[in-house]
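Chain residues, written in single-letter form:
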Amino acid sequence: MKYAMMLLAVACCLSCGTSHEKEDHQVLVVKKTTTAPTLDGLVTENCWNMATWHPLDQNWLGEAYSYEDFNGRYKLTWDEDYLYLLVEITDDILYDARKDPLKLWWDDDCVEVFIDEDNSGGLHQFSHNAFAYHIALDGNVVDLAPDREPRLYNDHIRSARRVDGTLSTWELAIRLFRDDYQDGGINVPVPLKKDKKVGFALAYCDNDGSAERENFIGSVFVPGEDKNQGWINADIFGTLVLEE
């Protein structure tokens, strides 16, 4: 009896000590740049010429859309200080009805960048285990804080956007922060290095003039009927592998 109780206690300890581990999927190799791109939307730097295009084509929310209504793709590169993101969006109507950046920010047109610095996965809806940055047309960057209130994180992402007809070209420089990030505290960005893995997904909120966004188009396949999981669960993020 005593032996059986000891086995049960050991089993409980092992079970309680089991940590969550994200399963890597949509693994993208991202090459380092020796020269940081200029954030101007012109895309003249050689680092972008060398980088690979990836599609933004997973309809996470909304009805089917036409190519003229929306089409998107993106590229990535990095250096020690930033993860750089180039996004090309074809959108026939740019919609920005809410001037207060902290009010219904997801219902205006915006780019959304999901970052999990240590690629650990797991829940992050009301924590900084991962970030879900909404970058508005005016450049404001919004995410929910652990107190369940929206905050501006404009010092996390610098961006520039250039519009030519229905084509919008975004260039972003993204700082990465650990999951112990404290709002209002002193936080040091994580330096990037070779072989680092980063949880990553990209999305676009598209609204052509409705009360709510009409489509939410992402970069990764999400199984199941409810595909709007990125703002809650970092397990759905893809995985970036940084290489020189």
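Note that the structure is predicted; figures quoted are calculated from it, not measured. (Residues numbered from 1 in each chain as written. Predicted model: local features only at pLDDT ≥ 70, side-chain atom pairs only at ≥ 80, totals over all residues. Heavy atoms only, no water.)

### Some remarks on the pattern of salt bridges
- Here the structure, examined in full by the defined rule, presents 9 salt bridges.
- Lys31 is the partner of Glu243 in a salt bridge, and the nearest nitrogen-oxygen pair spans 3.2 Å. Of this pair, Glu243 sits in strand β14 (residues 238-243) while Lys31 sits in strand β1 (residues 27-31), placing them 212 residues apart in sequence.
- In this structure Glu243 comes out as partly exposed when scored by relative accessible area, which is 27%.
- Take Lys31: its relative accessible area is 45%, and that puts it in the partly exposed class.
- A salt bridge links Arg98 to Asp108; the shortest N-O distance between them is 2.8 Å. Here Asp108 lies in the loop between β5 (83-91) and β6 (110-116) and Arg98 lies in the loop between β5 and β6, a separation of 10 residues in the sequence. Across the pair, Asp108 and Arg98 agree in class, each one buried. (Salt bridge = Lys/Arg side-chain N within 4 Å of Asp/Glu carboxyl O. Helix = DSSP H or I, 4+ residues; strand = E, 2+ residues; numbered from the N terminus. Buried < 20%, exposed > 50% of the residue type's maximum accessible area, 1.4 Å probe, protein only.)

### Observations concerning the UniProt feature "domain: Carbohydrate-binding" (unreviewed entry) in the protein chain
- With numbering matched to this structure, UniProt assigns "domain: Carbohydrate-binding" (unreviewed entry) to residues 40-243.
- Within the segment residues 40-243, helix and strand shares are 2% and 40% respectively, and the terminal C-alpha atoms sit 25 Å apart. (UniProt positions renumbered as here; feature names shortened; annotations may be inferred.)

### Re the nonpolar core
- Grouped together as the largest cluster of nonpolar side chains are 36 residues, with contacts concentrated most on Leu83, Leu85, Val113 and Phe200.
- Listing elements by their share of this core, those giving two or more residues are β1, β4 (70-78), β5, β6, β7 (131-136), β11 (167-174), β12 (197-206) and β14.
- Setting aside residues up to four positions removed in sequence, Leu83 forms contacts with Leu76, Thr77, Trp78, Ile115, Leu172, Ala173, Ile174, Leu176, Leu192, Phe200 and Leu240. (Core = buried A, V, L, I, M, F, W, Y, C linked by side-chain atoms within 4.5 Å. Contact = heavy atoms within 4.5 Å.)

### Observations regarding the pairing of β1
- Alternating positions in β1 separate cleanly, Leu28 and Val30 being buried on one face and Val27, Val29 and Lys31 remaining unburied on the opposite face.
- Where β1 meets β14, 5 bridges bridge the pair, whose relative direction is parallel. Along β14, the bridge assignment pairs Leu28 with Leu240. (Pairing = 2+ DSSP bridges.)

### Quick notes on the pairing of β5
- A large share of β5 lies buried, amounting to 9 of its 9 residues.
- The pairing of β5 with β11 spans 8 bridges and is antiparallel. Bridge pairing in β11 places Leu83 opposite Ile174.

### So, unusual backbone geometry
- Unusually for a residue other than glycine, Gln26 sits at a positive phi of about 40°.
- Residue position: Gln26 is located in the loop between α1 (2-16) and β1.
- At Arg148, a position not held by glycine, the phi torsion is positive, near 70°.
- Note on placement: Arg148 falls in the loop between β8 (141-144) and β9 (150-152).

### Observations concerning the sheet that holds strand β10 (residues 157-164)
- If you trace the 5 strands from one edge of the open sheet to the other, you get β2-β4-β5-β11-β10, paired in antiparallel fashion. The sheet is open, and its two edges are formed by β2 (54-56) and β10, each paired on a single side. Along the sheet, successive strands turn relative to each other by an average axial angle of 20°, direction set aside.
- Taken together, the 9 bridges between β4 and β5 define a ladder with antiparallel strand orientation. Its bridge partner being in β5, Thr77 is matched across the sheet by Tyr84. (Axes fitted to C-alpha atoms, helices over the stretch in contact; angles between N-to-C directions.)

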